[in-house]
Amino acid sequence: MAFPLQGEDTCQHLLPTPLPNPYWIGFTDNLARELGIALDASGLPKDPRWLEVLSGNTLEANEHRFIDPIATVYSGHQFGVWAGQLGDGRAILLGDLAGYEVQLKGSGITPYSRMGDGRAVLRSSIREFLCSEAMHALGIPTSRALAVTGSKKPVMRETLETAAVCTRLAPSFIRVGHFEHFAAARSIEHLTALANYLLEYHYQDCRSAKDPYLALFIAISERTANLVAQWQAVGFCHGVLNSDNISALGLTIDYGPFGFLDRFQMDHICNHSDSQGRYAYHRQPQIMHWNMACLAGAMLPLLEPRYGSEDAQKHLQEALEEFPTIYRAAWLRQFRSKLGLFREDDGDLHLAESLLQLMHDNRVDFTNTFRALAHLNRNQLIQSNGLRDHFLNREAFDRWMQSYADRIAQEGHSDHERQEQMLRVNPKFILRNYLAQAAIEKAQNDDFSEVKRLLVILQNPYAEQSEYETYAAPPPPELENIELSCSS
Ligand code: AMP
Ligand code: MG
């Protein structure tokens with residue numbers, strides 16, 4: 001399971017930098033149980049040394065001892081430009097636990113820190129913690145988050161802040177950037193080891209293919225296309241889709257200035273530093289295709305011995321060209337399901353796209369519009385309903401509703417069946433920026449109750465949880481445009 005590459009040119013063995021006097025900020029008890037960590041009645045580890053382990057202060061707690069922490073090297077394209085060597089500049093891979101790699105993010109300087117301090121601040125650590133678990137509960141492939149620990153240790157960003165460590169877990173943190181690094185270094189040996197490792201542990205089905213490496217590329221590309229379709233379906237904007245932030249397992253990783261859309265705007269940009277809108281919501285599919293092109297380029301040397309250069313390129317090119325088709329099919333599956341359509345009809349694409357256009361034109365809340373649709377019964381579809389009031393252009397809304405009602409009528413399912421299906425895929429609760437911000441501000445004043453509450457709510461995004469109704473509300477106008485930069 002462990003990181004498959006060895007040698008100084010692939011990773012460095014090191015210890016995390018201790019975090020002084022740490023305390024718990026957030027802890028995912030159900031994940032901890034899955035990992036076999038014994039918990040007390042309050043849902044925290046019985047062995048207090050876990051707090052020290054997950055802050056980078058020791059490697060051993062009762063149930064476990066990590067032996068050989070490392071930081072790995074990778075490279076990547078940032079905002080479309082080759083950035084050369086990057087690497088785990090502030091994440092340290094402690095080792096394996098119950099089928100996961102355990103990383104401490106913000107645990108101090110590594111040989112790949114460049115000008116950075118190796119730390120992460122409280123606000124970005126809370127955001128990564130909550131969003132990882134929110135995405136998991138939404139059913140979207142993602143790295144998980146076990147804990148955030150904090151400290152009074154000062155960290156300088158635009159202002160003075162404090163340090164935190166987020167413990168994140170994934171079956172593997174291998175990225176497109178790892179492939180790019182060893183391709184740029186012309187290290188066919190390491191490229192082969194990376195690919196063989198993925199084939200052995202994470203893409204076993206590809207091993208029996210005529211060409212396992214080509215099959216591996218196709219499979220990674222497919223997972224990535226499916227992943228981005230899932231992002232689009234919940235209105236998630238990643239914010240920094242650089243190739244070093246793209247998982248080779250098709251997981252959402254490296255949460256930074258991400259955002260869930262409140263009011264729907266197709267070209268919404270969640271990262272304040274992304275002035276060109278390269279990573280805007282509507283560009284995500286295209287950008288992930290572009291990232292797969294980076295991967296294809298990096299994997300080319302693996303195919304060349306078998307096919308020769310020209311044919312190897314041709315095979316990868318053909319595979320790459322499938323991406324938009326796979327993505328579109330996945331997108332349509334997602335939106336059919338969101339609209340409660342069980343059968344396939346040629347008009348469904350238009351039905352879904354015209355709804356999104358209408359939502360964009362009227363700037364309605366993405367999550368709540370779909371959730372409200374899920375609650376409507378057949379009569380309400382064509383009669384006046386509360387949803388209608390949110391659309392300025394009522395005529396356009398009525399026209400769309402009529403076509404939707406007609407389409408639903410063809411299905412022959414009961415209201416109950418359709419509603420049940422729709423409520424399972426249209427979340428009520430997402431990590432809205434203003435909610436995260438409120439939890440962060442409290443935490444900055446040593447009150448972690450809101451982090452805990454949000455975790456509970458976001459772990460059940462499809463349940464009504466009527467006691468938490470206010471957490472489903474769109475942001476009040478003054479909190480609509482919280483700007484997030486890359487600074488973290
Ligand atoms: P990101 O955009 O957060 O994915 O980071 C890009 C690169 O910068 C990665 O190699 C990170 O490890 C590194 N990095 C980001 N912040 C820091 C920091 N505070 N200290 C050291 N390295 C960092
Ligand atoms: Mg990154």
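Residues numbered from 1 in each chain as written. Chains lettered and ligands numbered in written order. Predicted model: local features only at pLDDT ≥ 70, side-chain atom pairs only at ≥ 80, totals over all residues. Heavy atoms only, no water.

Colleague: What exactly am I supposed to notice about the overall build of the chain here?
Modeller: When its secondary structure is counted, the chain shows 16 helices and 14 strands. The C-alpha radius of gyration computed for the chain amounts to 23 Å, which stays within 12% of the reference 23 Å derived for 488 residues, consistent with globular compactness. In terms of principal-axis extent, the alpha carbons of the chain reach across some 65 × 60 × 40 Å. Taking all 488 residues of the chain together, the buried fraction comes to 57%. Of the contacts formed within the chain by residues at least 6 apart in sequence, a portion of 70% connects residues at least 24 apart. Accessible surface for the chain amounts to roughly 20,200 Å². Of this, 50% is attributable to carbon and sulfur atoms. Within the chain, one finds 44 positive and 60 negative side-chain charges whose respective centroids are separated by 2 Å. (Helix = DSSP H or I, 4+ residues; strand = E, 2+ residues; numbered from the N terminus. Rg over C-alpha atoms; globule rule 2.2 N^0.38 Å. Buried < 20%, exposed > 50% of the residue type's maximum accessible area, 1.4 Å probe, protein only. Contact = heavy atoms within 4.5 Å. Areas by Shrake-Rupley, 256 points an atom, 1.4 Å probe, with all protein chains shown as cover. Lys, Arg positive; Asp, Glu negative; His and termini not counted. Charge placed at Lys NZ, Arg CZ, Asp CG, Glu CD.)

Colleague: Just checking my understanding: could you explain a negative patch on the surface for this structure?
Modeller: A grouping of E222, E318, E321 and E322 is seen on the molecular surface, where their side chains present a negatively charged patch. Turning to its location among the elements, E222 is positioned in helix α6 (residues 212-234). The exposure class assigned to E222 is partly exposed, which follows from its relative accessible area of 36%. (Patch = residues over 30% accessible without salt bridge, like charges linked within 9 Å, V, L, I, M, F, W, Y side chains within 5 Å. Salt bridge = Lys/Arg side-chain N within 4 Å of Asp/Glu carboxyl O.)

Colleague: What am I meant to see in the domain arrangement of the chain here?
Modeller: It is common to give the size of an interface as the accessible area that goes away when the parts come together. Assigned domains of the chain: these are domain 1 (176-330) and domain 2 (343-412). Its C-alpha centre places domain 1 at a distance of 33 Å from the equivalent point of domain 2. Between domain 1 and domain 2, the residue contacts involve 12 residues of the former and 9 residues of the latter. Here domain 1 meets domain 2 over a buried area of about 850 Å², counting both sides, of which 59% is carbon and sulfur. The largest per-residue losses of area from domain 1 upon contact with domain 2 belong to R263, F264 and M266, which jointly make up 59% of the total buried on that side. Counting across the domain 1 and domain 2 interface gives 0 salt bridges. Our enumeration of links across domain 1 and domain 2 arrives at 4 residue pairs in polar contact (both at pLDDT 80 or more). When grouped by side-chain class, the residues that make up the side of domain 1 that touches domain 2 number 6 nonpolar, 3 polar and 3 charged. (Domains from an automatic or database assignment. Buried area = accessible area lost by both parts, 1.4 Å probe. Polar contact = N/O pair within 3.5 Å; in protein donor to acceptor, adjacent residues only side chain to side chain. Nonpolar A, V, L, I, M, F, W, Y, C, P; charged D, E, K, R; others polar.)

Colleague: How should the environment of A330 be read in this particular structure?
Modeller: Considering the arrangement of structural elements, one finds A330 in helix α9 (residues 323-338). When its relative accessible area of 3% is taken as the criterion, A330 is described as buried. Through-space distance from the C-alpha of A330 to that of A229 is 5.9 Å; in sequence the pair is 101 residues apart. When near neighbours in sequence (up to four residues on either side) are disregarded, A330 contacts N226 and A229.

Colleague: What's the story with the state of the cysteines in this structure? I'm lost.
Modeller: In protein structure, a disulfide is the covalent linkage between the sulfur atoms of two cysteines. With the rule as written, the count across this model stands at 0 disulfides. The structure places no disulfide on C486, whose sulfur is separated from the nearest cysteine sulfur, that of C270, by 9.4 Å. Under the relative-accessibility criterion, C486 is labelled partly exposed at 33%. (Disulfide = S-S within 2.5 Å.)

Colleague: Where do I start with the nonpolar core in this structure?
Modeller: Across soluble globular proteins, you tend to see nonpolar side chains buried next to one another. Residues F179, L198, L339, L373 and Y404 are the most contacted members of the largest nonpolar core, which totals 133 residues. With 14 residues, α6 is the largest single contributor of residues to this core. Built from parts of two domains, this core gets at least three residues from each of domain 1 (176-330) and domain 2 (343-412). Dropping the residues within four chain positions of it, L373 is found in contact with L339, L355, L387, W400, M401, Y404, R418 and M422. If you look at the next biggest cluster of nonpolar residues, it comprises 27 residues, including A32, L39, F66 and A147. (Core = buried A, V, L, I, M, F, W, Y, C linked by side-chain atoms within 4.5 Å.)

Colleague: Please explain the environment of G250 as it appears in this structure.
Modeller: Its place among the elements puts G250 in the loop between β13 (236-237) and β14 (259-260). Judged by its relative accessible area of 5%, G250 falls in the buried class. Sequence-wise, G250 and W50 are 200 residues apart; in three dimensions their C-alpha atoms are separated by 29 Å. With residues up to four places along the chain from it excluded, the contact list for G250 reads P141, Y203, R223, T224 and L227.

Colleague: Which parts of the structure should I look at to understand the coordination of the magnesium ion (ligand 2)?
Modeller: Ideal geometry at a metal centre gives angles of 109.5 degrees when four donors are arranged tetrahedrally and 90 or 180 degrees when six donors are arranged octahedrally. Only N245 (OD1) and D254 (OD) from the protein coordinate the magnesium ion (ligand 2), and they sit 2.0 to 2.1 Å from it. Looking at N245, the relative accessible area reads 10%, which means it is buried. (Donors = N, O, S within 2.8 Å, 3.2 Å for Na, K, Ca; no water.)

Colleague: Help me out: how do you make sense of the site of ligand 1 in this one?
Modeller: The environment of ligand 1 is formed by 16 residues, the closest being G87, G89, R114, G118 and N245. Measuring from an oxygen atom of ligand 1, one finds a backbone N or O atom of G87 at 2.6 Å. Starting from 480 Å² of accessible surface for ligand 1 in isolation, the protein chains cover 79%. Residue classes in the shell around ligand 1 are distributed as 2 nonpolar, 7 polar and 7 charged. (Near = heavy atom within 4 Å.)

Colleague: Would you take a moment to explain the packing of aromatic side chains for this structure?
Modeller: When we look at a pair of aromatic rings, we describe it by the centre distance and by the angle of the planes. This model, assessed by the stated rule, comprises 17 aromatic pairs. Considering the side-chain rings of Y23 and F448, the 5.9 Å spacing of their centres and the 20 degrees angle between planes classify their relative orientation as stacked. Highlighted residues: Y23 in strand β2 (residues 23-27) and F448 in the loop between α15 (433-444) and α16 (449-458), separated in sequence by 425 residues. Owing to a relative accessible area of 23%, Y23 belongs among the partly exposed residues under this scheme. Here the aromatic rings of F335 and F370 are separated by 5.9 Å at their centres, their planes lie at 65 degrees, and the arrangement is edge-to-face. With F335 in helix α9 and F370 in helix α11 (residues 366-375), this residue pair connects regions lying 35 residues apart in the sequence. Here F335 and F370 have matching classes, each one buried. Every member of this aromatic cluster is reached through a ring pair, and the members are F264, Y281, W331, F335, F366 and F370. Over the ring of Y203 we find R223; its NZ or CZ atom is 3.8 Å from the centre of that ring. (Phe/Tyr/Trp six-rings, centres within 6.5 Å; stacked < 30°, edge-to-face > 60°. Lys NZ or Arg CZ within 6 Å of the ring centre and 35° of its normal.)

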